[in-house]
Amino acid sequence: MLGVGAAVTLAAWNDSEFVTGDFAAGAFNLEGSTTGADAGYDEHPDAASAADLVFDLPADLVDNLAPEDTVYAPFWVRLDDTTTTAATLVADSTVAGTGANAANLSYTVYEIPAAGTCDAATVAAAPVVASGATLTAITVGDSVDLAIGTTAGEAGAPAQLCFEVTAGADLVESETATATWSFTATSN
């Protein structure tokens, strides 16, 4: 008998694949304007740097309020040109309501079309964003949707907030009041 010896070597083939994921955070920034839907935007990140509302309708009442008078001021908000995520804006609080007449002035904040006029006729059917029976109170209403720009490097479409302030029957002569409102945009 003939014996045959065989040596078998098994070769294992293998191959590998590696993957890497790169992650970058988007940008998010809210800005506001008291001068118009298309201009005058700046950041107002806290009460100390709050934008000064311009109550100019009706003009003869701005610095001469009497009981039951109502004045209006527009404020536009939008997401800036670096923002990459849409957002929802809500009223947070009245940060401060001070002065002898803070309890004698009520307010309502409405969302109106960006090109609309901030006045009694326009707010008649507008959604309420916030309101208060005094300058120190707040009832949060509807949220405001904010979109990003349609192309890179373009700011989002503006939304207009219309502030309506009404003097109450107990308005104190020659006294003043100041209110600061806070709004927060949260990315969607």
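If you're wondering where the values come from, they're calculated on a predicted model, not measured in any experiment.

Enumeration over the complete set of coordinates arrives at one disulfide. Note that Cys118 is cross-linked by a disulfide to Cys162, the S-S spacing being 2.0 Å. Disulfide Cys118-Cys162: the torsion about the S-S bond is 85°, which places it as right-handed. With Cys118 in the loop between β4 (105–112) and α1 (120–123) and Cys162 in strand β8 (residues 159–167), this pair connects stretches of sequence that are 44 residues apart. By relative accessible area, Cys118 is classed as buried at 4%. Note on Cys162: relative accessible area 0%, which makes it buried.

Across four bridges, β4 lies against strand β5 (residues 128–132) in antiparallel orientation. Each residue of the ladder has a partner; that of Thr108, found in β5, is Ser131. With two bridges joining them, β5 and strand β6 (residues 139–140) adopt antiparallel strand pairing. Of the residues in β6, the one forming a bridge with Ser131 is Thr139. Connecting β5 to the next strand, β6, in antiparallel fashion are six residues.

So, on to the packing of aromatic side chains. The final tally for this structure, using the stated rule, is three aromatic pairs. Aromatic pair Phe163 and Trp181: ring centres 5.0 Å apart, planes at 55°, arrangement tilted. Separated by 18 residues along the polypeptide, Phe163 in strand β8 and Trp181 in strand β9 (residues 178–187) bring together distant segments of the chain. Geometrically, the ring pair formed by Phe163 and Phe183 is edge-to-face, given 6.1 Å between the ring centres and 90° between the ring planes. Of the two residues, Phe163 is situated in strand β8 and Phe183 in strand β9; the sequence distance between them amounts to 20 residues. A single burial state applies to Phe163 and to Phe183, both of which are buried. Through a chain of ring-to-ring contacts, three or more aromatic side chains come together here, namely Tyr107, Phe163, Trp181 and Phe183. Positioned over the ring face of Tyr41 is Arg78, at 3.7 Å from the centre of the ring.

Turning to unusual backbone geometry, a few remarks are in order. Even without glycine at this site, Glu68 takes up a positive phi of about 75°. The backbone of Ser174 sits at a positive phi, close to 60°, despite the residue not being glycine.

Attention now goes to the nonpolar core. Ranked by size, the top nonpolar core spans 29 residues in total, and within it Leu89, Val109, Leu146, Leu161, Phe163 and Phe183 carry the most contacts. Of all the secondary structure elements, the ones that give two or more residues to this core are β2 (70–79), β3 (87–98), β4, β5, β7 (144–146), β8 and β9. Dropping the residues within four chain positions of it, Phe163 is found in contact with Leu53, Phe55, Val71, Tyr72, Ala73, Phe75, Thr108, Val109, Cys118, Trp181 and Phe183. Grouped together as the second largest cluster of nonpolar side chains are seven residues, Tyr110, Cys118, Val123 and Ala126 included.

Quick notes on the rules
Residues numbered from 1 in each chain as written. Predicted model: local features only at pLDDT ≥ 70, side-chain atom pairs only at ≥ 80, totals over all residues. Heavy atoms only, no water. Disulfide = S-S within 2.5 Å. Helix = DSSP H or I, 4+ residues; strand = E, 2+ residues; numbered from the N terminus. Buried < 20%, exposed > 50% of the residue type's maximum accessible area, 1.4 Å probe, protein only. Pairing = 2+ DSSP bridges. Phe/Tyr/Trp six-rings, centres within 6.5 Å; stacked < 30°, edge-to-face > 60°. Lys NZ or Arg CZ within 6 Å of the ring centre and 35° of its normal. Core = buried A, V, L, I, M, F, W, Y, C linked by side-chain atoms within 4.5 Å. Contact = heavy atoms within 4.5 Å.

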